[in-house]
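A look at the structure
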Amino acid sequence: MHVKARLALLAGMAALAVMLVFAGLRGIVLVAVGLAGVAVTAAAVWLFLAHRGPIRWMALVLAVASPVAVIVSYVRAQLLWVVLCTVALWGLAVAAGRSALADEGRSRMPGRPARPPRHPFLIMNPRSGGGKVGAFGLREKAEALGAEVVLLDPDHHEDVAELARRAIERGADLVGVAGGDGTQALVASVAAEHGVPFLVISAGTRNHFAMDLGLDRLDPSTCLDALTDGVELRVDLGRVGDRGFVNNASFGTYAEVVQSPAYRDDKMRTTLSLLPDLLARHTGPRLTVRAGDTVVEDPQAVLVSNNPYGTGDPAGLGRRSRLDAGVLGVLAIKVNNAAQAAGILRGARSTGLTSLTALEVEVDSDAPLVRIGIDGESVMLPAPVRCRVEPGALRVVVPRHRPGNRAGVPMDWAGVRRLALTMGRAAGRPRPEPPAGPGAGARPAARGEAGAAAPRKRRWHWHRSPDRAPVDYMGAVYGSMLAASVIVGAGVPGGPYPRVELSVLLLCTGLVFWAAHVYAHLFGISLTNGHLTWREFRTVCKDERPIVEAALPPSAAVALGPLFGLDVKGTVWLALGVALCGQIGWTVAGSVRMGAPPRLVAVSALVSLVLGAVIVAAKAALSH
């Protein structure tokens, strides 16, 4: 998780650097235009869903035209590539950061080895997930592992809860389901009542519960590995009245839509037909939600979940990073116009979205019966409906080796930074002394010497020896060449960069490459030597510092060019000369410091000079 957090910080810094260096102050305008386009699109989508007739189709045109107009504005400003690079880097940063935070969350949801069951009982729905039971041979594989399998008859309704109860009475010591979340919830409730382990097989269409357990949704047969090599997790179970749910219970708009007889045959047409009246409250119940001290009057939609969903996306409908927190998540949406619909993008800060957690939730209605979607299954219960959570009520057995839940947490930059700077569980502990030997305390032999022993752990570079040079000359040479290359890029046919932009470009490029080298350095050490300490992290940052320092003299040359009466073109050539002099000077100094003979010093200087000549030639070619 620490490596992912460092990657997130690095990608985030790179995204900001690309935006600031190549767009400058126009970057603020780019961000504003993009946010405005997203808000307009969100408002247009609301109008499309909440109205019929000409307004609906005009809103559809606006929803399509808004992002197109934003892209066209980026193209006309010749900054589309900047936006694409920034978005890609930022997406990488968010993905890596959320994955790191999810890893940390999984580490707080411990499991224990599960004893292989002697009489497992599995219920399989052959139609679930488009026929995954047959496609993956789940029945045959389960029976080969000693499980009793009941294949549901698609043409006749069967009470799966009663099937599970009878199996437990016959001695089943594990029950499981290969089917949708609704079937999973019914059997899970029976398993929780009898204290029997429960097996989830991801053979449904969406498999939300399996996803949050970190199971493989692409190959449901891997879930059967839990029968021989499993881990038991204690997870919570939600209750709506006396009925259990593993994911969520929905009230309001969604529950009203899914109860329609036409919904199964044509979901899209039915939804678009019913939504305008439901969103405008012309039909449907008037709900009141009470969760602790919070009361939400007349929301259009309410979602009560078994543990809260992550809020990384605007509506908060991501994944759940934990299933053992012992609380219910509550999301209530109350939107009266397009402006409030666009404001939903602000997440929990939106006036139209209420997000909280509670131990119990009461949903009341002006109608005697309330329609509820419980894990996708439509039911009706008398009002008021009370929801509660049973902490740790369900024993779930999962395979020891599984993909894991790779999302489910909001992006928290403070948390990512904390993980990036935490060097593991061994941080802060005194490192054990290496065993004493004949060469203890002696300076290690240089690389290439005859009879040199293998280097000790944490011996990162040759310059880590006690008498190493105070300057990393190789990094300084690299930084000088990098600065010279950046200056060459400033001589494109469109004209040289203004002085301020060139100075900022040199410094930001040095910082980005410094960060990249620090990350690569730490990543390599983590792979070979395990965890790091904060002191070692600072040492690596200091060792790579010459990459940034080498960019300072050329930047100073750009800033001081007007004092010598030079125009912008002359200033660029001055900065290039300073960078090349630094490149050659650091090469010679490093060779001398390493004790190279005069001939090798001269050869090193000549090679550096030739490289500098190539850079000058490239600059001259680009300038004309």
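Whatever comes next refers back to the structure up there.
Heads up: these notes are all about the structure in this document. (Residues numbered from 1 in each chain as written. Predicted model: local features only at pLDDT ≥ 70, side-chain atom pairs only at ≥ 80, totals over all residues. Heavy atoms only, no water.)

**Some thoughts on the overall build of the chain**
Our working rule: Helix numbers and strand numbers start at the N terminus; a helix is a DSSP run of H or I with at least 4 residues, a strand a run of E with at least 2. Burial classes follow relative accessibility: with a 1.4 Å probe on protein chains only, a residue under 20% of its type's maximum area counts as buried, one over 50% as exposed, and anything between as partly exposed. Note on contacts: a residue pair is in contact if any heavy atoms of the two residues lie within 4.5 Å. Methods summary: accessible areas were calculated by the Shrake-Rupley approach with a probe of 1.4 Å, and residue burial reflects only the protein chains presented.
Helix and strand counts for the chain come out as 20 helices and 17 strands. Taken across its 624 residues, the chain has 45% of its residues classed as buried. Across the chain, the fraction of contacts at a sequence separation of at least 24, relative to all contacts at a separation of at least 6, is 74%. Accessible area of the chain: about 31,400 Å², with a carbon and sulfur share of 62%.

**A look at helix 18 (residues 552-560)**
Since the α-helix packs 3.6 residues into each turn, any two residues three or four apart lie on the same face. Applied cut-off: Of all possible arcs, the one meant is that of the directions from the helix axis to the C-beta atoms.
Taken as a whole, helix 18 has its buried residues at Pro-554, Ser-555, Ala-557 and Val-558. Considered in projection along helix 18, the buried side chains sweep an arc of 155° and stay on one side of the axis.

**Details of the nonpolar core**
This is how the line gets drawn: We call a set of buried residues a nonpolar core when its members are Ala, Val, Leu, Ile, Met, Phe, Trp, Tyr or Cys and they connect through side-chain atoms within 4.5 Å of each other.
Core analysis: the biggest nonpolar cluster contains 54 residues, and Leu-122, Met-124, Phe-198, Ile-201, Phe-209, Leu-213 and Leu-394 have the highest contact counts within it. Residues in contact with Phe-209, not counting those within four places in the same chain, are Asp-181, Phe-198, Val-200, Val-246, Asn-247, Arg-320, Leu-323, Leu-394 and Val-396. Core analysis: the second largest hydrophobic core is formed by 24 residues, Val-240, Leu-356, Cys-387 and Val-389 among them.

**Let's talk about the environment of Ala-516**
Along the chain, Ala-516 turns up in helix 15 (residues 499-529). Take Ala-516: its relative accessible area is 30%, and that puts it in the partly exposed class. Along the sequence, Ala-516 and Leu-10 sit 506 residues apart, while their C-alpha atoms lie 6.9 Å from each other.

**Points about the sheet that holds strand 8 (residues 248-252)**
Test applied: Think of it this way: DSSP has to see at least two bridges between two strands before they count as a pair. Comment: axis = line fitted to C-alpha atoms, over the contacting stretch for helices; angle = value between 0 and 180 degrees taken between N-to-C directions.
Ordered in space as 13-12-11-8-15-16, the six strands form an open sheet in which the pairing is antiparallel. The strands lining the two open edges of the sheet, one partner per strand, are strand 13 (353-358) and strand 16 (377-382). Between one strand and the next, the sheet's axes are offset by a mean angle of 20°, whatever the strand orientation. Bridge count between strand 8 and strand 15 (residues 369-374): three bridges; the pairing is antiparallel. Directly across from Ala-249, in strand 15, lies its bridge partner Ile-374.

**Focus on unusual backbone geometry**
Omega for the peptide link from Ala-383 to Pro-384 comes to -5°, which places this bond in the cis form. Within the fold, Pro-384 resides in the loop between strand 16 and strand 17 (385-399). Not every positive phi belongs to a glycine, and Asp-298 is a case in point at roughly 55°. Mapped onto the elements of the fold, Asp-298 is located in the loop between strand 10 (294-297) and strand 11 (301-306). A relative accessible area of 17% places Asp-298 in the buried class. One non-glycine residue, Asn-307, lies in the positive phi region at around 75°. Tracing the backbone through its elements, the reader meets Asn-307 in the loop between strand 11 and strand 12 (328-333).

**Observations concerning the pattern of salt bridges**
Side chains that differ in charge, positive against negative, can pair when their charged atoms come close. Spelled out, the test is: One speaks of a salt bridge when a side-chain nitrogen belonging to Lys or Arg is within 4 Å of a carboxyl oxygen belonging to Asp or Glu.
Counting across every chain of the model gives 15 salt bridges. The partner of Asp-298 in a salt bridge is Arg-286, and the shortest N-O contact between them spans 2.8 Å. In this pair, Asp-298 is assigned in the loop between strand 10 and strand 11 and Arg-286 in the loop between helix 11 (267-279) and strand 9 (287-291), connecting sequence segments twelve residues apart. Overall, Arg-286 belongs to the partly exposed group, its relative accessible area being 39%. Where Glu-362 meets Arg-386, a salt bridge forms, and the shortest distance between an N and an O atom there is 3.1 Å. Here Glu-362 is found in strand 14 (residues 360-365), whereas its partner Arg-386 is found in strand 17, with 24 residues between them in sequence. Residue class for Glu-362 comes out buried when judged on its relative accessible area of 18%. One salt-bridge network, in which partners are shared between bridges, spans Arg-112, Glu-232 and Arg-395.

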